[in-house]
Amino acid sequence: EWLQWLHSAETIAVHGASLVQQNVFIAPEKRSEVVTKLESMRLEKALEVLDRHLANREYLLQSGFSAVDTAVGYSVHLGFEMHDVKGLRHLEAYYQRCSNRAAFTKTFGT
């Protein structure tokens, strides 16, 4: 299960990174609405999987917070920056727990 979530972190990050590329690094006149729409949908589907998984737990693994929460948490952070995720209440609560951790606040200066 740990390895599964580690790979999921990469999947989520790839969709977020594609949206960063489209919205930040590509000149506005060269941006692709199709790519943005597809990557937004893919990101949303990946985040919905997480939301369902987190319905009955605080962190990804039953044992509690682990390195996969660090990896997935960063990917979720990126996803939240690039896509509106309102309505994924379990994921929002998970992100809140992760972002309230001392290391997160130290890293992002929040």
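Residues numbered from 1 in each chain as written. Predicted model: local features only at pLDDT ≥ 70, side-chain atom pairs only at ≥ 80, totals over all residues. Heavy atoms only, no water.

> Teacher, can you tell me more about the overall build of the protein here?
Secondary structure assignment for the protein yields 5 helices and 0 strands. Secondary structure elements in the protein, listed N-terminal to C-terminal, are α-α-α-α-α. Dimensions along the principal axes, computed over C-alpha positions, put the protein at roughly 45 × 30 × 25 Å. In the protein, buried positions account for 37% of the 110 residues. (Helix = DSSP H or I, 4+ residues; strand = E, 2+ residues; numbered from the N terminus. Buried < 20%, exposed > 50% of the residue type's maximum accessible area, 1.4 Å probe, protein only.)

> Help me understand the environment of Asp 69, please; the structure alone is not making it clear to me.
Considering the arrangement of structural elements, one finds Asp 69 in helix 3 (residues 67–82). On the basis of relative accessible area, Asp 69 is assigned to the buried category, the value being 1%. With 60 residues separating them along the chain, Asp 69 and Ala 9 place their C-alpha atoms 8.8 Å apart. Ignoring sequence-local partners within four residues, the contact set of Asp 69 consists of Tyr 59, Leu 60, Gly 64, Tyr 74, Tyr 94 and Cys 98. (Contact = heavy atoms within 4.5 Å.)

> Would you mind showing me how to read the layout of surface pockets here?
If a probe the size of a water molecule is rolled over the atoms, the empty space left behind becomes visible. Considering only enclosed or pocket space, the largest pocket measures out at about 190 Å³ in volume. Elements with a minimum of two residues in the lining of the largest pocket: helix 3 and helix 5 (102–108). Taken together, the residues of the lining of the largest pocket break down into 6 nonpolar, 3 polar and 2 charged. (1 Å grid on protein atoms, 1.4 Å probe; cavity = no way out; pocket = protein on both sides within 12 Å on 5 of 7 lines; lining within 4 Å. Points joined across faces, edges and corners; volume = space filled by probe spheres on them. Nonpolar A, V, L, I, M, F, W, Y, C, P; charged D, E, K, R; others polar.)

> Hey, could you run me through helix 1 (residues 2–25) in this one?
Note on helix geometry: an α-helix contains 3.6 residues per turn, so any two residues three or four positions apart are oriented the same way. With 24 residues, helix 1 should cover 34 Å at 1.5 Å per step; its first-to-last C-alpha distance of 33 Å lies within 8% of that length. Listed as buried for helix 1 are Trp 5, Ala 9, Ile 12, His 15, Gly 16, Ser 18, Leu 19, Val 20 and Gln 22. Where the residues of helix 1 are buried, they touch helix 2 (33–53) and helix 3. (Expected span 1.5 Å × (residues − 1).)

> Help me understand a nonpolar patch on the surface, please; the structure alone is not making it clear to me.
On the surface, Trp 2, Leu 3 and Leu 6 cluster together to form a nonpolar patch covering roughly 280 Å² of accessible area. The topology assignment puts Leu 6 in helix 1. The exposure class assigned to Leu 6 is partly exposed, which follows from its relative accessible area of 32%. (Patch = residues over 30% accessible without salt bridge, like charges linked within 9 Å, V, L, I, M, F, W, Y side chains within 5 Å. Areas by Shrake-Rupley, 256 points an atom, 1.4 Å probe, with all protein chains shown as cover. Salt bridge = Lys/Arg side-chain N within 4 Å of Asp/Glu carboxyl O.)

> What is the right way to look at the packing of aromatic side chains in this model?
When we look at a pair of aromatic rings, we describe it by the centre distance and by the angle of the planes. On inspection of all chains with the given rule, the structure shows 4 aromatic pairs. Between the aromatic rings of Phe 80 and Tyr 95, the centroid separation amounts to 4.7 Å while the plane-to-plane angle is 50 degrees, which identifies the pairing as tilted. Here Tyr 95 lies in helix 4 (residues 89–99) and Phe 80 lies in helix 3, a separation of 15 residues in the sequence. Since its relative accessible area comes to 14%, Tyr 95 is described here as buried. Ring centres of Tyr 95 and Phe 104 lie 6.0 Å apart, and the angle between their planes is 90 degrees; this geometry places the pair in the edge-to-face category. Every member of this aromatic cluster is reached through a ring pair, and the members are Tyr 59, Phe 65 and Tyr 94. (Phe/Tyr/Trp six-rings, centres within 6.5 Å; stacked < 30°, edge-to-face > 60°.)

Everything listed is a geometric property; what it means functionally is a separate question.
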